[in-house]
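Each chain, letter by letter, is given below.
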Amino acid sequence: MGKGHSEAGEELEVLTAGQDAAGQRLDQWLAANNAAQLSRNRVKQLIEQGHVRVNGETVTGAKHRLKPDDVVQVAIPEPEPADPIAEDIPLPVLYEDDAVIVIDKPAGLVVHPAPGNPSGTLVNALLAHCGDSLSGIGGVRRPGIVHRLDRDTSGVMVVAKTDQAHKALAAQFADHGRSTGMERAYLALVWGTPDRMAGTIVTFLGRSSRDRLKQAVVSEHQPDARHAVTHYRVRERFGDPTGLVPLASLVECRLETGRTHQIRVHMAHIGHPLIGDRDYGRSFATKANTLPDAIREKVAGFDRQALHATSLAFEHPATGEVMTFETPLPADMADLVTAFGRKFGKT
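On a predicted model such as this, the values are computed, not experimentally measured, just so you know.

Visitor: What am I meant to see in the environment of Glu-87 here?
Guide: Note on placement: Glu-87 falls in the loop between β5 (71-76) and β6 (93-96). Those residues within four positions of Glu-87 in sequence are excluded, and the remaining contacts are Ser-119, Gly-120, Asn-124, Ala-125 and Ala-128. At a separation of 3.0 Å, a polar atom in the side chain of Glu-87 contacts the main-chain amide nitrogen of Gly-120.

Quick look at the structure:
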């Protein structure tokens, strides 16, 4: 057994399997024999992330069976800081004062650090932009965050800069605008068009039984079921070359509740998933193959769900004034909408 450091600064541990290791699973043997006293879960994680080599070859299967005299190398990364660190990431700021900051979040920006995304997030950017004013607000990992947008959803977000602002804004989001000036509107480009030009989708949402990382429409009796209400209005329809069957629609969605992935799940539930949504619109992926070449290439090149938080209204936590912020579609989504309109026309 030996220890050292790799070129990347990782702690490197080298172990040699004895005769008694024959046939043992790599994760079990390594958890029992490593000098760093890593748990079996941590060992499994390191294996799956490619930090373990057997006889010089990277092994990513925890169930790999060992042979006597196998040489096992474990590169243990430096521990991540417990708190997010400030990073100089450009922020498109729409408004800022001593209590709040409003931004136009670009698609691809994760809101707060989480496993797999420890840095490069909106929180890291906010810590650099706002300095110590965010310290402790809303918890260590989510300072100032009172609501969030999915990584690949763009648009308006408000962040609290003081404890008072955080409490006031959090209460407004929890109230969903029933008794305050809070209002949220999104634009979504969906496949097809709803039967009605305007309507309300009312369901219960909970964790999917098929994929624990996804949400689904569930029975109200499911333990994690939460009431979800989305109001929608079709803004534009884009027909096929004959003009008879709309191929896509630009839909405005207003939230009465704010559940995880709510718009994406609700639009898929009524048969019109968002274009580009790999989680909830996978069954429509082949629909793009029926499109003319130019549009097919546009859709294939659009690598996120076509969803933008276009407006947000809230009562300022210090003054009580209702403030409204709007942002146009970002270039990638605007280009996709324009392409559909140019090819098929609007109705």
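Moving on from the model shown.
Visitor: Before we go on, may I ask you to explain the pairing of strand β12 (residues 226-239) in this structure?
Guide: A regular strand places its side chains so that they alternate between the two faces of the sheet. Relative to β12, strand β10 (residues 198-207) is paired through eight bridges, and the arrangement is antiparallel. Among the inter-strand pairings, Thr-200 is bridged to a residue of β12, identified as His-231. By the bridge criterion, nine bridges tie β12 to strand β13 (residues 246-255) in an arrangement that is antiparallel. By the bridge assignment, Gly-239 is partnered in β13 with Pro-246.

Visitor: Just to check I follow, could you spell out helix α2 (residues 40-48) for this structure?
Guide: At 3.6 residues per turn, the α-helix brings residues three or four places apart onto the same side. Residues of α2 that are buried include every one of Val-43, Leu-46 and Ile-47, and no others. Here the buried residues of α2 occupy an arc of 100° about the axis, which is enough to place them on one side. Positive phi shows up at Gly-50, right after α2, with a value of about 85°.

Visitor: I would appreciate a short explanation of helix α1 (residues 26-33) in the present structure.
Guide: Inspection of α1 places Leu-26, Asp-27, Trp-29 and Leu-30 among the buried residues, and these make up the whole buried set. Taken down its axis, α1 places every buried residue within 165° of arc, on the same side. On the buried face of α1, the contacting elements are β2 (11-16), α2, β3 (52-54) and β5.

Visitor: What exactly am I supposed to notice about the pairing of β13 here?
Guide: Most of β13 is tucked away, with eight of its ten residues classed as buried. Relative to β13, strand β9 (residues 183-191) runs antiparallel, the two sharing seven bridges. Note that in β13 the partner of Ala-188 across the bridge is Val-251.

Visitor: What am I meant to see in the side chain of Asp-27 here?
Guide: Topologically, Asp-27 is positioned in helix α1. There is a polar contact of 2.8 Å between the side chain of Asp-27 and the side chain of Arg-25. In this structure, Asp-27 is in contact with Arg-40, Val-43, Ile-47 and Ala-62, ignoring residues within four places of it in sequence.

About the thresholds
- Residues numbered from 1 in each chain as written.
- Predicted model: local features only at pLDDT ≥ 70, side-chain atom pairs only at ≥ 80, totals over all residues.
- Heavy atoms only, no water.
- Helix = DSSP H or I, 4+ residues; strand = E, 2+ residues; numbered from the N terminus.
- Contact = heavy atoms within 4.5 Å.
- Polar contact = N/O pair within 3.5 Å; in protein donor to acceptor, adjacent residues only side chain to side chain.
- Pairing = 2+ DSSP bridges.
- Buried < 20%, exposed > 50% of the residue type's maximum accessible area, 1.4 Å probe, protein only.
- Arc of directions from axis to C-beta.

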